[in-house]
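# Chain and residue survey
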Amino acid sequence: MSYVDDVLSYVVEKNPAQPEFHQAVKEVLESLRVVIEANEEEYRKEALLERLVTPERQILFRVPWVDDKGQVQVNNGFRVQFNSAIGPYKGGLRFHPSVNLGIIKFLGFEQIFKNSLTGLPIGGGKGGSDFDPKGKSDREVMAFCQSFMTELYRHIGADTDVPAGDIGVGGREVGYLFGQYKRIRDTYEGVLTGKGLTFGGSLARTEATGYGLLYLTRAMLKANGIDIKDKTIAVSGAGNVAIYAIQKAQQMGAKPVTCSDSTGWIYDPEGIDVALLKEVKEVKRARLTEYAAKRPSAQYHEKKNGEHGVWTVKCDIALPCATQNELDLEDAKALVANGCKAVCEGANMPTTIEATEYLQANKVFFVGGKAANAGGVATSALEMSQNSERLSWTFEEVDSKLQGIMENIFANIDAAAKKYGMEGNYVAGANIAGFLKVAEAMKAQGVV
Ligand code: NDP
Ligand code: 2IT
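A short tour of the structure in this document, coming up.

Cut-offs and rules
Residues numbered from 1 in each chain as written. Chains lettered and ligands numbered in written order. Predicted model: local features only at pLDDT ≥ 70, side-chain atom pairs only at ≥ 80, totals over all residues. Heavy atoms only, no water. Near = heavy atom within 4 Å. Polar contact = N/O pair within 3.5 Å; in protein donor to acceptor, adjacent residues only side chain to side chain. Helix = DSSP H or I, 4+ residues; strand = E, 2+ residues; numbered from the N terminus. Nonpolar A, V, L, I, M, F, W, Y, C, P; charged D, E, K, R; others polar. Buried < 20%, exposed > 50% of the residue type's maximum accessible area, 1.4 Å probe, protein only. Pairing = 2+ DSSP bridges. Arc of directions from axis to C-beta. Contact = heavy atoms within 4.5 Å.

Moving on, we come to the site of ligand 2. Around ligand 2 sit 14 residues in total, of which Lys90, Gln111, Lys114, Asp166 and Ser380 are the nearest. A distance of 2.9 Å separates an oxygen atom of ligand 2 from a polar atom in the side chain of Arg205. Here an oxygen atom of ligand 2 sits 2.5 Å away from a polar atom, N or O, in the side chain of Ser380. Mapped by element, the contributors of at least two residues to the shell around ligand 2 are β3 (89-95), α5 (101-117) and α15 (374-389). Within the shell around ligand 2, the residues separate by chemical class into 2 nonpolar, 7 polar and 5 charged.

This is the structure:
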């Protein structure tokens, strides 16, 4: 068996019942075949792939906290410090009831390559909890965050591991986490990113993932002779990534017509009203039914089991921005049948492997999350730089750096795909370009 096949079997055997992790590893290793096979004996001798797929450290901990009724609650906490070859571990925290070790490992694994693609010195990590912030009071969220940090603080630091937000973790949670870290450590340092602007946060970090997604999408379309202006876009999600993707798409003259949350989805043929969406989701933390109630042009659809409604809408471009495996083969078929030309992932691994293959086989331009949503973590790295030099840059300065980073990522993944004989396969281009830098750093640092 080839080295890649050996390591794929090894991952399945060593990490039972972690299908998302297996999926993420399979996607990367399959596209690295051409690189690995050119130097197979050397990689095998150094066990480079076994090291790459094994986290440097995994921290599992209990998070007890008291709810508003005085009842003690217990959640599971996770931090997977996956790879520090090119910088301190960096990656978000996810608070969602579906969180388990396999999900955190898939996210941490992807983060290694994404962070490498940014061109900035950040390694890969991810963490989170099965805590559900939905329906909790601010006090309950604070109690949870304080308890979570009371264990996590000993494992992180500005030069060690720098967490940030992800699903269910936004400015409010990062604020509570930062406050507890500072209190326990008695140190004011850039240990988290996505902080509030009054205590070390960076301008444009909130917008960065969604804006970055659009900068990259525009660059990719342009390279293929397509202008994003006037294009109809289907977006899923209604959180941090989706909201600012919709906003930037509109600024570019495109028309996003959908969004979704965990209970339903909106089709708004006149284009999504971003101010209203922000009010409903960022301020009220309410459901999309409230958006529909205030917007006569909007159609609300309840989400039925297994149905991902937004992909049935006619669109030129699809931007999945909610969660993993939300765009399956059936959805891919619907998109192709409706003439969709491009899919760029705002979320992490939102497209199943079968759906990705179908889209690529049907000549849909496809950019995976490791490249397309790297603007968030890239701007987190810019926040780390600002914290280190104890300065704050203007919105325009951060935003223009973000734009440069996303255009550079596109140029690099395009070039890597061409160099390895897979022109237009941006998934392979991203995996290869991300891998080569990390592999070189790992080799240079010896067996550690
Ligand atoms: P948010 O929590 O802000 O928003 C998530 C959105 O997706 C919400 O609308 C939520 O619905 C919906 N959603 C979440 N889980 C599910 C689920 N299991 N089924 C259906 N809908 C779901 O998260 P973000 O916008 O930050 O993250 C979205 C995606 O982008 C994730 O994959 C994340 O990993 C990725 N990402 C985030 C980055 C960031 O900087 N925040 C950076 C790069 C990638 P509801 O409103 O009902 O909760
Ligand atoms: O998936 C991601 O890249 C994030 N959730 C952002 C991570 C970060 O450290 O900003």
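Attention now moves to the pairing of β3. Buried residues dominate β3, accounting for 7 of its 7 residues. Bridge count for β3 against strand β4 (residues 123-129) is 5 bridges, and the pairing is parallel. The residue of β4 that forms the bridge with Lys90 is Gly124. Sheet topology note: the β3/strand β5 (residues 161-164) ladder contains 4 bridges and is parallel. The partner of Gly92 across the bridge, within β5, is Ala164.

This part covers helix α10 (residues 274-283). Taken together, the buried positions of α10 are occupied by Val274, Leu276, Leu277, Val280 and Lys281. Down the axis of α10, the buried set is contained in an arc of 160°. They therefore lie on one face. The exposed residues of α10 that point more than 90 degrees off its buried face are Ala275 and Val283. Where the residues of α10 are buried, they touch α9 (240-251), β8 (258-260) and α11 (288-294). Positive phi appears at Arg285, one or two residues downstream of α10, with a value of about 50°.

When you line up the elements, Ala371 lands in helix α14 (residues 369-372). With 42 residues separating them along the chain, Ala371 and Ile413 place their C-alpha atoms 8.0 Å apart.

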